[in-house]
Amino acid sequence: MTVLSPAVWITGGSLSGKTTRLIELFCEWTPLLGETNQNSEFRTQESATSRSARKKTKGKRRGEVPLSRPLTGTTTLIFAANSDNRMVLAERLTAIPQGQYSFYSTTPLGFFQDEVILFWPLLVETLGLKAQFPLRLRPETEQELALQLWSRDLEIHSLERPGVSINRRVRQILDVLQLAALSGTSIEDIPQILAAGLISVDQSETLDQPIGLWLKQWQNWCLQRGLLTYGIIADLYGQHLLRHPIYQNHLQHRYPVVLADDVDEYPTLARHLFEFFLDQGKMAAFTYNPNGAIRLGLGADPNDLAGLKSRCQVEALNSQAGLGADLAQPILDLVFDSAIAFADALLFSTQIQSIQTVSRADLLRKTAEQIIASVKAGEVQPNEIAVIAPGLDAIARYTLRELLLHAGITVDSMQEQRPLVSSPLVRALLTLMALIYSGNGRLIHRDAIAEMLVTLSPSSTLNGQPSTPMIDPVRAGLLADHCFVPDLEKPRLLPVTAFPRWDRLGHQATTAYEQILHWVDVQQQQYQQRLLTSPVMLLDRGIQQFLMVKSSLRADQLSVLRELMETAMHYWEVQNRLQGQTAISPSEQVGQFIQLLRRGVISANPYPVSSLGIKPGGVTLGTIFQYRASRACHRWHFWLDVGSPLWLSGGASILWGAPLFLTEQQNQPWTVENSMEADRQRLRRIIVDLLSRVSDRLILCHSDLAVNGQEQLGPLYQLSVIRHQ
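Residues numbered from 1 in each chain as written. Predicted model: local features only at pLDDT ≥ 70, side-chain atom pairs only at ≥ 80, totals over all residues. Heavy atoms only, no water.

Scanning the protein from N- to C-terminus turns up 28 helices and 18 strands. For the protein, buried positions account for 52% of its 725 residues. Residue pairs at least 24 apart in sequence account for 79% of intrachain contacts in the protein once pairs closer than 6 positions are excluded. Of the roughly 32,500 Å² that the protein leaves accessible, carbon and sulfur atoms contribute 52%. (Helix = DSSP H or I, 4+ residues; strand = E, 2+ residues; numbered from the N terminus. Buried < 20%, exposed > 50% of the residue type's maximum accessible area, 1.4 Å probe, protein only. Contact = heavy atoms within 4.5 Å. Areas by Shrake-Rupley, 256 points an atom, 1.4 Å probe, with all protein chains shown as cover.)

The next subject is the nonpolar core. Membership of the largest hydrophobic core comes to 81 residues, with the highest contact counts inside it found for Phe111, Trp150, Trp218, Tyr237, Leu251, Phe274 and Phe286. Counting residues per element, this core draws most heavily on helix H8 (residues 166-182), at 9 residues. Among residues more than four places away in sequence, those in contact with leucine 251 are Phe111, Glu115, Tyr237, Leu242, Leu273, Phe276 and Phe277. If you look at the next biggest cluster of nonpolar residues, it comprises 59 residues, including Val421, Val520, Leu538 and Trp572. (Core = buried A, V, L, I, M, F, W, Y, C linked by side-chain atoms within 4.5 Å.)

The end-to-end C-alpha distance of helix H3 (residues 83-94), which contains 12 residues, comes to 16 Å, matching closely the 16 Å that a straight helix rising 1.5 Å per residue would cover. Among the residues making up H3, those that are buried are Asn85, Met87, Leu89, Ala90 and Leu93. In this structure asparagine 82 caps H3, since a side-chain oxygen of it lies 3.2 Å from the backbone nitrogen of aspartate 84. (Expected span 1.5 Å × (residues − 1). Polar contact = N/O pair within 3.5 Å; in protein donor to acceptor, adjacent residues only side chain to side chain.)

On to unusual backbone geometry. One non-glycine residue, leucine 15, lies in positive phi territory at about 60°. Phi is positive for aspartate 641, close to 55°, though the residue is something other than glycine. Examined against the element boundaries, aspartate 641 turns out to sit in the loop between strand S17 (634-639) and helix H27 (672-692). Residue classification places aspartate 641 among the buried positions, given a relative accessible area of 6%.

Here we come to the sheet that holds S17. With parallel pairing, the 6 strands of this open sheet are ordered in space as S9-S18-S17-S10-S16-S11. At either margin of the open sheet sits one strand with a lone partner, and together these are strand S9 (352-357) and strand S11 (411-413). For this sheet, the mean inter-axis angle between neighbouring strands, taken without regard to orientation, is 20°. In this structure, S17 lies alongside strand S18 (residues 694-703), joined through 5 bridges in parallel fashion. If you follow tryptophan 639 over to S18, its bridge partner there is leucine 700. Helix H17 (residues 360-376) contacts S9, strand S10 (385-389), strand S16 (619-623), S17 and S18 of the sheet and is inclined by roughly 140° relative to S9. (Pairing = 2+ DSSP bridges. Axes fitted to C-alpha atoms, helices over the stretch in contact; angles between N-to-C directions.)

Counting through the fold element by element, glutamine 143 comes out in helix H6 (residues 139-149). Judged by its relative accessible area of 17%, glutamine 143 is buried. In contact with glutamine 143, other than residues within four places in its own chain, are Asn167, Val170, Arg171 and Leu174.

Written out as structure tokens, the structure is:
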């Protein structure tokens, strides 16, 4: 029997106060948990008394929700859309007086993972698995192992598609498992959904049955070894754990109150969890942004989550923030209906400006120049400016950052994830590994040795401050030419005297080289004597010996080293789990690890600066997806590449097959018309959302030609033309 619960559905646009209202409910409800915890026998009467007192003193306060049942438990469960939003929300909650009350903040995927690991013994018993502690795979390791598992089948079935590599196809297949699990779909139903949905999109696609078999094989292979991926975690939670009566009994007693922010970014599986709480009569509140749906195509199902509204008391926050109040409708009319009658409102608006050039290089330069001029004139501060683009290539990020930094303006580049191997520090450490672990000579070349010598050599000092490396690039090149012996099995470094004119190197360079050579020799001896137990230990020794002694390491370099160590520890933790099942020597493992990093699939992901209580003070630079996901707002917006066709997709990579697993679409073909309409709706949400996040000025930045030289005639091109008139 379904129990009616006091639930609140808070709906509104961006910056309309939804999260603030959620915090207000937290402040109203958490004191009740304290009362409950003090005297469990008195809680029903006390709750009624408190409710009566509140009605007398506060009257019909907005959104006041009466209690329909006694509360049990003392911890409030709070969800946020992503980890960054979770930390911001947690900081706001701890800053209020009610922050002293217990609450558990998480994300949907984080909650599923924690619950699967916490109740792993129950899953072991239910599914008959081997009793071993579960180990979660990183996406790059998941892809590598799946490719190895399916290698024979992949040779039989041709997965080649124009412009899509085998590695990419394997990633797409693994993503299907995650999409299905998050939508509450079992693996057995995947072939049927793919067959029904892809028929009008790709007539040549006949792999729906093999894909289903491969994913089932992959899941069984992982579970037998205690390995978990996000897809397998979601499947275990939705198909087994959430349905288990023992787990349900535990779950209903743990959280009396559930709060969820931005549920338009949540998967269908989250709705199943919320409905369980509502069926148990838990107090709950949800916020929903009709112009959100940022993760649509990445596992979110906003329309399905909107179905919770019918079970809640609705609070609509209709205030429209920023420039959206005046400009959203005219821009939408122009973009979608070519309503020229509204062009005057845009043409004479002082809140919109434009920058237009022929080439993109000129556009980047002029954009930076206007930012610099405006900051120097005192019109705006750097931290009040955001440069937003549908896609930001490395050249654009570098150009804008260097131009602004040269003018003394700092830049906060959002989630700039570069491959680990792009760091000279990482490349030097990988070269060290290949030198010490025999059999990896093919992975070392002369230039890598020279770079390693420069990177690892101590820095000379000038006026007490670190200056240039003791081994400069010229001397490093000479040493690599004369003192490095390439060999497939045992590449090695020779003593400095192998260079006939070693006296020309100088004392500092000679001393630094001999220190590196001695350290390498010692590590090789310890490896042969089996005193070097793990490649992770070698990396740690190398970092401590050569890099941590340098006081000039920047924060981003420290972040790269931390990510390298975490990646290495994870890689060898998985290798140890698989030990005995694969006959791979430590040297071969090192070679595979080096090649994995050199493919660039692993990137450095710096810990969010905001989590440390430090707010960057520079110009924000990010893609549409990154900016919207951060829920940021600024006085000035520069919309870069406003004529780009990428505005239709919002700069986000939609996962292959994602629309097929939406609740409203399952078992129906995904047509070209469906795709076009989805693009239109996404662009509409992007325009309204971004305009709500800028308060003073919008600068449209357009170049006639894109980076590849093609003319840019995207969906917002007409807007840029009108502003340029």
